[in-house]
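One-letter residues, chain by chain:
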Amino acid sequence: MMKPVVFIFSALIAISGFAQESKSADTSWKKTYRETYTRINDLVHTKLDVKFDYARSYMYGKAWITLKPHFYATDSLLLDAKGMEIKSVAVARGAANAPLKYKYDGMLLNIKLDRTYKGNESYTIYIDYTAKPDELKVAGSAAITDAKGLYFINPKGEDKEKPTQIWTQGETEATSVWCPTIDKPNQKTTQEIIMTVPGKYVTLSNGLLASQKKNSDGTRTDHWKMTLPHAPYLFFMGVGEFAVIKDSYKGKEVSYYVEQPYAAVARKIFGNTPEMISFFSKITGVDYPWAKYAQIVGRDYVSGAMENTTATLHQESAQQDARELIDGNSWEDVIAHELFHQWFGDYVTSESWSNLTLNESFANYSEVLWSEYKYGKDAGALQNYNDMQGYLNSQSETKDLVRFRYTDKEDMFDAVSYNKGGRILNMLRTYLGDSAFFKSLNLYLTTNKFKSAEAHQLRLAFEEVSGRDLNWFFNQWYFGAGHPNLDISYLYDDAAGKVTVTVRQTQPGAKVFRLPINIDIYNGKDKVRHQVWSEEKESKFVFAYSKRPDLVNVDADKVLLAVKKDDKTLDNFIHQYKYAGNYMDRREAVEFAAKNQNDAKAVELLKTAVKDPYHNLRIFALGVLDMKNEKIRTGFETMISDLAKSDPKSRVRAAAIGLLAQYGKAEYKALFEKAVSDSSYAVSGEALEALAAVDPAAALTEAKRFAKAPMKGKLSSAVSNVLIEGGTEEDFDVIAANFNKLPVSDSKFEALQPFAAYLGKVRNLDKFKKGIDMIVEFRDAIPAAYRAQTSPYINNVILKGISAEKIKAGLNDHSEYIISKTTDKKAF
């Protein structure tokens, strides 16, 4: 499962100046130990024969489920079957079925078997049922916004702008909404699914398409077979009108299912997949184990993406047009993340949700591994930094990585299981070295293939390969919480020829982390590395020198999962930028210089940084310039202008244009007008907003021109902003459409206030209602984990603010409509 994509919501609320005081939380969950599910019966094979009722959003299913007692003899079977209508249950005896007695409470199907079966003695249960997913009320998580398992998208074709599709989402335990099963991650089964669908639709499921049969009624029956075992939550069905673009890896089909308008760019989006498969096969030492690999894009998907075995499902944000891709494939990290799950999660599966990080930390870390391999060490380090910040900003210091006590299994899908787990793997890789790290992954995978595992099995693999006891590491990082706060200081004694490095752990509480730390000491470009251990609240390390070092670089590889306060001087950081050289060394130097922009040396460092070889560091350096400082404005203007005109990377040009706009100079109008027509959405969008700063009328004309054609990304938001500022009610359709098509994410949250301000001006009641409905739909689509903060903000600040404007304008019917839509009517 893709990492949760809305961690920033709470931060945006704080920036907006609104926060709701939390009520005392229920802590009863702390008393419940979440043990691994007890295996009484084991799944062996699952066969489904299904048909879909688009008018009612039902699925009519017949299931043949083969099982065997795990060890002890049993005369009963308990299956998960959520919200179904159970028509009959029987034991299959050859071609005949013998009815069985059962009890069903709407969630669990308790079956009395025809006799007692001994361990390893298999039997097959037949179930005739109807799945009714839309009639089941269940909650999701931060990573998965809904959990009804089977989704009918625009089933009656009423929305002409949206295709009709069916797709499934099994994680965590929602496959049992449409398939009776033992819906636990420590179960594994082979599978076959027979789907009968309208003939115009394409289908996709796990494994290979074994056969297709055209039926006389215009339908077609597709038979998919999965011959290798996997967990029930990885079952998948997809149905719809898709273009299918095919690549291959070692003779295995690699395919991309996209909507027809994206067929021409499907390879630009997903085309690195065969190379990714080859890379991941090489580093794990396990060649891609499955029969095929398909990726499909679904509308209104409830998460980012899902690693269904051999058939990954992506949300529609994956579908980028050619102009978006000029600015870089924003979905490539997700593609890597889901693919690596085919090894970590699908091939070897965490045995319980408590151990979820065995799936998600590796998928998260794959984004670093792929970026580093494909685009260089700077790109990998930036990915690692961003994910580290995702954890550090999540306020999750009290959560263990592997935790057996939680409110709900959905709570495990957080920045701890994902981001923190990935950073821990990065530290372990540095500590053990690449060779031992990747050999350990191979041992873990081959030892546990087609099985489930827990964190201790990962530890044992690393210990077996490295020969080192790693209990201390796993106890500290996997079965413990928090991270160190490090205060690093230096005392130079030239007379004695020594430097004392002090590392103080200042995190709250008594916990002290055991940290292996690499310290590099530089004289000019020459360095000497020292490996030390910080194991106390205050650790001191003394190093001799004949000449005072230019730099002492603690955590030289910049891998520690920690908040660091480093007492280096500006001269130290300048030397670090020039000679230490990795991405984080240079970034830290830029960050320090940004705080000292009245210092001539810092300014020179920033001038070097805006010309850094790595484009993302150029963008970062531009972003920290203090444009209110006249010396900075004057000293950097020519450099900014040059970057805006000629930097080879579109996103750097866009950032530079955004800064040029702040000068408000008419002389740049021609540059902005030219850039408005750039093929990059980022450049075009920034140029449009920059043009608005010097010639609002010209910008409005351009915005109206763009509004007549498809647009996405930065250009879409820029057009909306210009139309909101200078347009009229006649521009409603464009502004509303641009807001509505944004995914549930921080970008839509940021667009909320300007869109609300625009609705305050709209007098047409029908248009106004449509706009309010879009805000309400967004409010209710935010994952439940964040809704306690976001809903009060949207109700009491956004909607209430619009209501107040409407009352002032005498449009009481507008205000009444808002009140009818709010979930907190007392606020009005």
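Residues numbered from 1 in each chain as written. Predicted model: local features only at pLDDT ≥ 70, side-chain atom pairs only at ≥ 80, totals over all residues. Heavy atoms only, no water.

Novice: Please set out the overall build of the protein chain residue by residue, giving values where relevant.
Specialist: What the protein chain contains, in helices and strands, is 26 helices and 29 strands. For 828 residues, the compact-globule estimate of 2.2 N^0.38 gives 28 Å, and the protein chain sits close to it at 29 Å. When its C-alpha atoms are laid out on the principal axes, the protein chain stretches across 90 × 75 × 55 Å. Counting the 828 residues in the protein chain, one finds 56% classified as buried. Of all intrachain contacts in the protein chain linking residues separated by at least 6 positions in sequence, the fraction that spans at least 24 positions is 69%. With an accessible surface of roughly 34,400 Å², the protein chain has 50% of that area assigned to carbon and sulfur atoms. When the 108 basic and 105 acidic side-chain charges of the protein chain are each reduced to a single mean position, those positions are 2 Å apart. (Helix = DSSP H or I, 4+ residues; strand = E, 2+ residues; numbered from the N terminus. Rg over C-alpha atoms; globule rule 2.2 N^0.38 Å. Buried < 20%, exposed > 50% of the residue type's maximum accessible area, 1.4 Å probe, protein only. Contact = heavy atoms within 4.5 Å. Areas by Shrake-Rupley, 256 points an atom, 1.4 Å probe, with all protein chains shown as cover. Lys, Arg positive; Asp, Glu negative; His and termini not counted. Charge placed at Lys NZ, Arg CZ, Asp CG, Glu CD.)

Novice: Lay out unusual backbone geometry in plain terms, naming residues and giving numbers.
Specialist: Trans is the prevailing form of peptide bonds, just as negative phi is the prevailing case for residues other than glycine. That bond from Glu-171 to Thr-172 is cis: its omega, 10°, falls within 30 degrees of zero. As for its position among the elements, Thr-172 is in the loop between strand S10 (165–168) and strand S11 (189–198). Phi is positive for Ser-57, which is not a glycine, with a value near 55°. Looking at the secondary structure, you find Ser-57 in the loop between strand S1 (41–53) and strand S2 (58–69). Not every positive phi belongs to a glycine, and Lys-558 is a case in point at roughly 55°. Note on placement: Lys-558 falls in the loop between strand S28 (551–554) and strand S29 (563–566).

Novice: Requested: an account of the sheet that holds strand S26 (residues 526–534), with residues and values cited.
Specialist: Pairing within the open sheet is antiparallel, and its three strands lie in the order S26-S25-S28. Of all the strands in the sheet, just S26 and S28 have a single pairing partner and so form its edges. Direction aside, the axes of adjacent strands within the sheet are offset by 20° on average. (Pairing = 2+ DSSP bridges. Axes fitted to C-alpha atoms, helices over the stretch in contact; angles between N-to-C directions.)

Novice: Would you mind going over the sheet that holds strand S3 (residues 74–80) in detail, with residue names and values included?
Specialist: Backbone-to-backbone hydrogen bonds pair the strands of a sheet. The strands run either parallel or antiparallel. Taking strand neighbours across the sheet as the criterion, the three strands line up as S3-S7-S6 in an open arrangement whose pairing is antiparallel. Across the chains shown, the open sheet's two edge strands, defined by having one partner strand only, are S3 and strand S6 (101–104). Neighbouring strand axes in the sheet, compared pairwise and without regard to direction, differ in orientation by 20° on average. Bridge analysis of S3 against strand S7 (residues 108–117) gives six bridges, and the strand direction is antiparallel. Paired with Asp-80 across the strands is Leu-108, a residue of S7.

Novice: Give a detailed account of the nonpolar core, specifying residues and quantitative values.
Specialist: Among the nonpolar cores identified, the biggest contains 90 residues, and Ile-640, Leu-688 and Ile-775 are the most heavily contacted of them. Examining the composition of this core, we find that seven residues originate from one element, helix H19 (residues 681–694), more than from any other. One finds Trp-343, Leu-358, Met-427 and Leu-486 within the second-largest nonpolar core, a separate group that totals 89 residues. (Core = buried A, V, L, I, M, F, W, Y, C linked by side-chain atoms within 4.5 Å.)

Novice: Can you tell me about helix H22 (residues 732–740), naming the residues and giving the values?
Specialist: Looking at H22, one finds that the buried residues are Phe-732, Val-734, Ile-735, Ala-736, Asn-738 and Phe-739. Close packing links the buried residues of H22 with helix H21 (713–726), helix H23 (746–759) and helix H24 (765–781).

Novice: So what about the packing of helix H6 (residues 357–375) against helix H7 (residues 377–392)? Which residues, and what values?
Specialist: In the contact formed by H6 and H7, the axes pass within 6 Å of each other and the chain directions differ by 160°. With respect to their mutual orientation, H6 and H7 come out roughly antiparallel. In the crossing of H6 with H7, the sense of the turn from one axis to the other is right-handed. Only Lys-377, Ala-379, Gly-380, Gln-383, Asn-384 and Asp-387 of H7 make contact with H6, whose side of the interface consists of Asn-364, Glu-367, Val-368, Ser-371, Glu-372 and Tyr-375. Tallied by class, residues from the contact of H6 with H7 come to three nonpolar, five polar and four charged. (Parallel < 35°, antiparallel > 145°, perpendicular 65-115°, else oblique. Left-handed = near helix turned anticlockwise from the far one by under 90°. Nonpolar A, V, L, I, M, F, W, Y, C, P; charged D, E, K, R; others polar.)

Novice: Explain the packing of aromatic side chains to me, using residue names and the numbers behind them.
Specialist: According to the stated counting rule, one finds 49 aromatic pairs in the structure shown. Aromatic pair Tyr-58 and Tyr-60: ring centres 6.5 Å apart, planes at 85°, arrangement edge-to-face. Ring pairing ties together the aromatic residues Phe-279, Phe-280, Tyr-288, Tyr-293, Phe-340, Trp-343, Phe-344, Phe-362, Trp-370, Tyr-373 and Tyr-444, which thus form one cluster. One cation-aromatic arrangement involves Lys-47 over Trp-64; the distance from NZ or CZ to the ring centre is 5.3 Å. Above the plane of the ring of Phe-706 lies Arg-705, whose end atom (NZ or CZ) is 4.6 Å from the centre. (Phe/Tyr/Trp six-rings, centres within 6.5 Å; stacked < 30°, edge-to-face > 60°. Lys NZ or Arg CZ within 6 Å of the ring centre and 35° of its normal.)

Novice: Explain the side chain of Asp-346 residue by residue, including any values.
Specialist: Within the secondary structure, Asp-346 is located in the loop between helix H5 (332–340) and strand S21 (348–350). No salt bridge forms around the buried Asp-346; measuring N to O, its nearest opposite-charge neighbour Lys-188 is 7.2 Å away. Once residues lying within four places of it in the same chain are set aside, the contact partners of Asp-346 are Lys-188, Leu-234, Trp-290, Glu-307, Asn-308, Thr-309 and His-341. (Salt bridge = Lys/Arg side-chain N within 4 Å of Asp/Glu carboxyl O.)

Novice: Go over the pairing of strand S13 (residues 208–214) with me, naming the residues and quoting the values.
Specialist: Where S13 and strand S14 (residues 219–230) come together, six bridges link them in antiparallel fashion. For Gln-212, the partnering residue across the bridge sits in S14 and is Asp-222. Taken together, S13 and the strand that follows it, S14, pair antiparallel across an intervening segment of four residues, in which Gly-218 is found at a positive phi of about 90°.

Novice: A description of a nonpolar patch on the surface should follow, citing residues and the corresponding values.
Specialist: Taken together, the side chains of Tyr-37, Leu-78, Met-107 and Leu-108 define a hydrophobic patch exposed on the protein surface, amounting to about 300 Å² of accessible area. With respect to the helices and strands, the residue Leu-78 is situated in strand S3. (Patch = residues over 30% accessible without salt bridge, like charges linked within 9 Å, V, L, I, M, F, W, Y side chains within 5 Å.)

Novice: Explain the packing of helix H20 (residues 696–706) against H21 to me, and be specific about the residues and the numbers.
Specialist: Put simply, H20 and H21 touch, their axes get as near as 9 Å, and they point 125° apart. The pairing of H20 with H21 is recorded here as oblique in orientation. Seen along the crossing, H20 lies across H21 with a hand that is left-handed. Here Ala-699, Leu-700, Ala-703, Lys-704 and Phe-706 of H20 come into contact with H21, specifically with Leu-715, Val-719, Val-722, Leu-723 and Gly-726. Residues belonging to the contact of H20 with H21 are distributed by class as follows: eight nonpolar, one polar and one charged.

Novice: Summarise the environment of Asp-400; cite the residues concerned and give the values.
Specialist: In this fold, Asp-400 is placed in the loop between H7 and helix H8 (416–432). Residue classification places Asp-400 among the partly exposed positions, given a relative accessible area of 25%. Taking C-alpha positions, Asp-400 is 13 Å from Trp-353, a pair spaced 47 residues apart along the chain. If we skip the residues at most four places from it in the chain, Asp-400 touches Val-416, Tyr-478, Phe-479, Gly-480 and Ala-481. Here the side chain of Asp-400 touches Ala-481 through a polar contact of 3.2 Å, landing on its backbone nitrogen. (Polar contact = N/O pair within 3.5 Å; in protein donor to acceptor, adjacent residues only side chain to side chain.)

Novice: Any details on the pattern of salt bridges? Residues and values, ideally.
Specialist: For the structure shown, the criterion picks out 49 salt bridges. Close ionic contact of Asp-247 with Arg-267 constitutes a salt bridge, the shortest N to O distance being 2.8 Å. Linking Asp-247 in strand S16 (residues 243–249) with Arg-267 in helix H2 (residues 266–270), this pair joins segments that are 20 residues apart in sequence. Residue classification places Arg-267 among the partly exposed positions, given a relative accessible area of 45%. Notably, a salt bridge pairs Arg-514 with Glu-535, separated by 2.9 Å at the nearest N-O pair. Of this pair, Arg-514 sits in the loop between strand S24 (498–505) and strand S25 (515–523) while Glu-535 is found in the loop between S26 and strand S27 (538–544), placing the two residues 21 residues apart along the sequence. Within the structure, one salt-bridge network assembled from shared partners comprises Asp-520, Lys-527, Arg-529 and Asp-557.

Novice: Summarise helix H18 (residues 669–676); cite the residues concerned and give the values.
Specialist: Within H18, the full set of buried residues consists of Leu-671, Phe-672, Ala-675 and Val-676. Buried residues in H18, looked at end-on, bunch into an arc of 135°, giving them a common side. Turned more than 90 degrees away from the buried face of H18 sit Ala-670 and Lys-674, all of them exposed. Against helix H16 (630–646), helix H17 (650–660), H19 and H20 lie the buried residues of H18. (Arc of directions from axis to C-beta.)

Novice: So what's going on with the pairing of strand S23 (residues 485–493)? Which residues, and what values?
Specialist: Note on strand geometry: in a regular strand, side chains alternate between the two faces of the sheet. Where S23 meets S29, four bridges bridge the pair, whose relative direction is parallel. Looking at S29, one finds that Leu-486 is bridged to Lys-564. Pairing analysis gives eight bridges linking S23 to S24, with the strands arranged antiparallel. What sits directly across from Asp-493, in S24, is Lys-498.

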